[in-house]
Amino acid sequence: MECTKCDREAVMHAAYSGAHLCETHFRESVERRVRKRVREDSLLSGDATPEDPETWVIGLSGGKDSVVLTHVLHETFEEDPRVELVGLTIHEGIEGYRDRSLEACVELAEGLGVRHEVVSYEDEFGVRMDEVVEDDPEDMAACAYCGVFRRDLLSTYAEELGADKLLTGHNLDDEAQTALMNFLEGDVAQIAKHFDASLGGFSERKEGDEFVPRAKPLRDVPEKEVALYAHLLDLPAHITECPHSSEAYRGEIQRLLYELEENHPGTRHSIMAGYEELGGIVSEEYDDRSADLGECERCGSTTTREVCRKCSLLEAIEAV
Ligand code: SF4
């Protein structure tokens, strides 16, 4: 099949748009969508200058999504001194998994000349995920512990690295899955939170704001296209599933969405369009309810409880 835009051979077909694209036009289309999202979310502050650039910390796991995001942003801002990129890798302590994806991160960051920092659960909290899974004091899925620890370290180190923005490599499939899960669970507060945390366009961090603003500039690109982009550019991405991956419900939603997308191309895009509109409305409704944020009495991080979730999990782990 020929490319829709030129006479070269197509490497992909996007059923949701009807386009067949050759390698060059496919690459351009991925990059264009990321750049458009950066613009539309007003990611780059008008105040950023070459003398006083913005620092964008990217959660760099070494998987295809964060690797592609880092690569595209580097291409975009390589000649623009108003943005400084920093890759931040969290090492969970998962034998045979994170070590290999860490190698991918190091290779990518060195190849691009991007600053790269690594922090581990072991150094920060004195635990490794492999042991947490074995002890499992709260009788929970591995990801429930891991997600709490990761979010904590991403926030803490984004602050420490002086981040103006914290970026993650969530793709269109990830976001549509989360949206659908929130709908099906009837979790309106979570929809508001999701919207506020990373979907709602971008306002500058104001004085007194507790968190570094987050964004997901890859969220308009479907997962398969992210994988194809990484493959065509031979990017050093580590594509193996974590041995503790346990998000069974997300897996079900993922299969459901594949089927819907197959039968009704464009489903993921329409879910996200409606979800974002709804998110904006419920975000206003839930605005006042986040006013009771305080400080964790153990670690001082921002929380709605006396002791934050991370500290209570660590306490349970230590007690085993
Ligand atoms: Fe952690 Fe779960 Fe991701 Fe594995 S799949 S790294 S346990 S959050």
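Refer to the structure printed above.
Positions within a chain are numbered from 1, following the residues in the order the chain's sequence is written. Predicted model: local features are reported for residues with pLDDT of at least 70 only, side-chain atom pairs are reported and counted for 80 or more only, and whole-chain, interface and lining totals are derived from all residues. To get the side-chain values, take all heavy atoms of the structure and skip hydrogens and water.

1. Some words on a negative patch on the surface
Note the threshold: Candidate patch residues must exceed 30% relative accessible area and have no salt bridge, after which like charges are joined if within 9 Å and Val, Leu, Ile, Met, Phe, Trp or Tyr side chains if within 5 Å. Under the convention used here, a 1.4 Å probe and the Shrake-Rupley method define accessible areas, while residue burial counts only the protein chains that appear. Definition used for salt bridges: Asp or Glu carboxyl oxygen within 4 Å of a side-chain nitrogen of Lys or Arg. Only four residue types enter the tally: Lys and Arg on the positive side, Asp and Glu on the negative side; His and the chain ends are excluded. By convention, the point assigned to a charge is CZ for Arg, NZ for Lys, CD for Glu and CG for Asp. Helix numbers and strand numbers start at the N terminus; a helix is a DSSP run of H or I with at least 4 residues, a strand a run of E with at least 2. Buried means the residue's accessible area, taken with a 1.4 Å probe over protein chains only, is under 20% of the maximum for its type, while exposed means over 50%, and partly exposed covers the values in between.
Taken together, the side chains of D99, E103, E107, E110 and D234 make up a negatively charged region of the molecular surface. Structurally, E107 can be placed in helix α3 (residues 98-112). Overall, E107 belongs to the exposed group, its relative accessible area being 53%.

2. Thoughts on the sheet that holds strand β6 (residues 165-167)
As a reminder, the rule being used: Here, any two strands with at least 2 DSSP bridges between them count as paired. Residues count as neighbours in contact if any of their non-hydrogen atoms are within 4.5 Å of one another. Angles here are taken between N-to-C directions and fall from 0 to 180 degrees, while the axes themselves are lines fitted to C-alpha atoms, restricted in helices to the stretch in contact.
Strand order in this open sheet of five strands is β5-β4-β3-β6-β7, and the pairing throughout is parallel. The open sheet has two edge strands, β5 (115-120) and β7 (214-215), and neither has a second partner. Packed onto the sheet, helix α2 (residues 64-77) meets β3 (54-59), β4 (83-91) and β6 and runs at close to 160° relative to β3. Lying over the sheet, α3 contacts β4 and β5, oriented at roughly 165° with respect to β4.

3. A word on the site of the ligand
Here is the rule: If even one non-hydrogen atom of a residue comes within 4 Å of a molecule or strand, that residue is called near it. Residues were grouped as follows: Ala, Val, Leu, Ile, Met, Phe, Trp, Tyr, Cys and Pro as nonpolar; Asp, Glu, Lys and Arg as charged; and all remaining residues, including Gly, as polar.
All residues in the neighbourhood of the ligand are listed as E92, I94, C143, C146, R150, C242, H244 and S245. Partitioned by chemical class, the residues of the shell around the ligand number four nonpolar, two polar and two charged.

4. Details of the packing of aromatic side chains
As a reminder, the rule being used: By convention, a stacked pair of Phe, Tyr or Trp rings (six-membered ring in the case of Trp) has centres within 6.5 Å and planes under 30 degrees apart, an edge-to-face pair has planes over 60 apart, and any other such pair is tilted.
In total, this model carries five aromatic pairs according to the counting rule given. Ring geometry for W56 against F77: centres 5.1 Å apart, planes inclined by 75°, an arrangement best described as edge-to-face. Placement of the pair is W56 in strand β3 and F77 in helix α2, with a sequence separation of 21 residues. Judged on exposure class, the residue W56 and its partner F77 are both buried. Taking the centre distance of 5.5 Å and the plane angle of 80° together, the rings of Y121 and F149 count as edge-to-face. In this pair, Y121 sits in helix α4 (residues 121-125) while F149 sits in helix α6 (residues 142-160), placing the two residues 28 residues apart along the sequence. Each of the two residues, Y121 as well as F149, counts as buried.

Function cannot be read off these values alone, since they describe shape.
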